[in-house]
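# Residue-level structural notes
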Amino acid sequence: GSIEDNPEYHLLTQSNTLSTSIDNEIILVHKFIRDHYSTRFPELETMVQNPLDYAKVVAIIGNGPMDNENIKRLQTSTDNILGTTLRAVLDGPSLMIVTVEATTTKGRSLTPPELSRVLRACEMTLSLDQAKRTLTSYVQSRMTLFAPNLTALIGSLTAAQLLNFAGGLTGLAKTPACNLASLGSKKTAGTGLDRKSVV
């Protein structure tokens, strides 16, 4: 029968759809963290744009003192909920800018309940990212079975996204070549082929 009747093919397409939904959830949680943590460090959102990196930086800095000595200590300290250093999350130039801005920020300390909500949201972001990585790994491992030629041409992740947007192999086969470029842009903002995937 048709490859689209294979139960694993349906699992593959559902996994890919769920992966896209997780991207949207990460964006929503990122907005929550940004809105609530801006009280503490309003300048951070302009310096760290990636939602995962932002959540990691917030989890590391938390409500800690923002003086020069403490911020420098955070660069190499693993004493935080992530167990990683600020230096491991940010590249050199970003780390320097965040360090300088942190010492001059006009933000106020968060209350314990506010901080707790923000840190829970950071943990949620990282959990969502881990779930997405698991789904993506599964999809990539199985794409060569269901669309070997397409996977060889454009890679397993992009092939999976393309099949998702086209509505499966049959939908992709019936899509005129001139319409392929617009497939990702027809989805809601923050999904599809028109943006970088969050890594």
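Criteria and thresholds
- Residues numbered from 1 in each chain as written.
- Predicted model: local features only at pLDDT ≥ 70, side-chain atom pairs only at ≥ 80, totals over all residues.
- Heavy atoms only, no water.
- Helix = DSSP H or I, 4+ residues; strand = E, 2+ residues; numbered from the N terminus.
- Contact = heavy atoms within 4.5 Å.
- Areas by Shrake-Rupley, 256 points an atom, 1.4 Å probe, with all protein chains shown as cover.
- Polar contact = N/O pair within 3.5 Å; in protein donor to acceptor, adjacent residues only side chain to side chain.
- pLDDT = per-residue confidence, 0-100.
- Buried < 20%, exposed > 50% of the residue type's maximum accessible area, 1.4 Å probe, protein only.
- Axes fitted to C-alpha atoms, helices over the stretch in contact; angles between N-to-C directions.
- Parallel < 35°, antiparallel > 145°, perpendicular 65-115°, else oblique.
- Left-handed = near helix turned anticlockwise from the far one by under 90°.
- Core = buried A, V, L, I, M, F, W, Y, C linked by side-chain atoms within 4.5 Å.

On a plain count of helices and strands, the protein comes out with eleven helices and zero strands. Put simply, the protein runs from its N terminus to its C terminus through helices and strands in the order α-α-α-α-α-α-α-α-α-α-α. Based on the C-alpha atoms only, the size of the protein along its principal axes is roughly 65 × 30 × 30 Å. Taking the contacts inside the protein whose residues are at least 6 apart along the sequence as the reference set, 65% of them involve residues at least 24 apart. Surface exposure of the protein reaches about 10,500 Å², of which carbon and sulfur atoms provide 56%.

One can find Tyr138 in helix H7 (residues 112-146). Residues Tyr138 and Phe32 lie 106 residues apart in sequence; the distance between their C-alpha atoms is 29 Å. Excluding residues that lie within four positions of it along the chain, Tyr138 makes contacts with Glu8, Leu11, Leu12 and Ser15. For Tyr138, the side chain forms a polar contact with the side chain of Glu8, separated by 3.3 Å.

So, about the confidence of the model for the protein. Here the protein averages 86 in pLDDT, and 91% of its residues register 70 or above. The secondary-structure element of the protein with the lowest mean pLDDT is helix H9 (residues 156-166), recorded at 83, while helix H3 (residues 51-61) shows the highest, at 95.

Before going further, it helps to spend a moment on the side chain of Gln75. Examined against the element boundaries, Gln75 turns out to sit in helix H4 (residues 68-76). We classify Gln75 as buried; its relative accessible area is 11%. A polar atom in the side chain of Gln75 sits 2.8 Å from the side chain of Arg87.

Right, let's talk about the packing of H3 against H7 for a bit. One way to put it is that H3 packs onto H7 with a least axis distance of 9 Å and a crossing angle of 140°. The orientation of H3 relative to H7 falls into the category oblique. The handedness of the crossing between H3 and H7 comes out as left-handed. When H3 is examined against H7, the residues Pro51, Leu52, Ala55, Lys56, Val58 and Ala59 are found in contact with a partner set consisting of Val118, Leu119, Cys122, Thr125, Leu126 and Asp129.

The next thing to look at is the packing of H7 against H9. Two quantities define a packed helix pair, namely the angle between the axes and the distance from one axis to the other. Where H7 meets H9, the axes come as close as 8 Å, and the angle between the chain directions of the two elements is 95°. One element, H7, and the other, H9, form an angle in the roughly perpendicular class. Mapping the contact onto sequence places Thr136, Val139, Gln140 and Met143 in H7 and Ser156, Leu157, Ala159, Ala160 and Leu163 in H9.

So, about the nonpolar core. If you look at the biggest cluster of nonpolar residues, it comprises 33 residues, and the most contacted ones within it are Ile33, Tyr37, Phe41 and Leu44. Secondary-structure elements contributing two or more residues to this core are helix H1 (7-37), helix H2 (44-47), H3, H4, helix H5 (86-89), helix H6 (92-104) and H7. Sequence-distant contacts of Ile33, that is, excluding residues within four places in its chain, are made with Ser38, Tyr54, Ala55, Val58, Val118, Ala121, Cys122 and Thr125.

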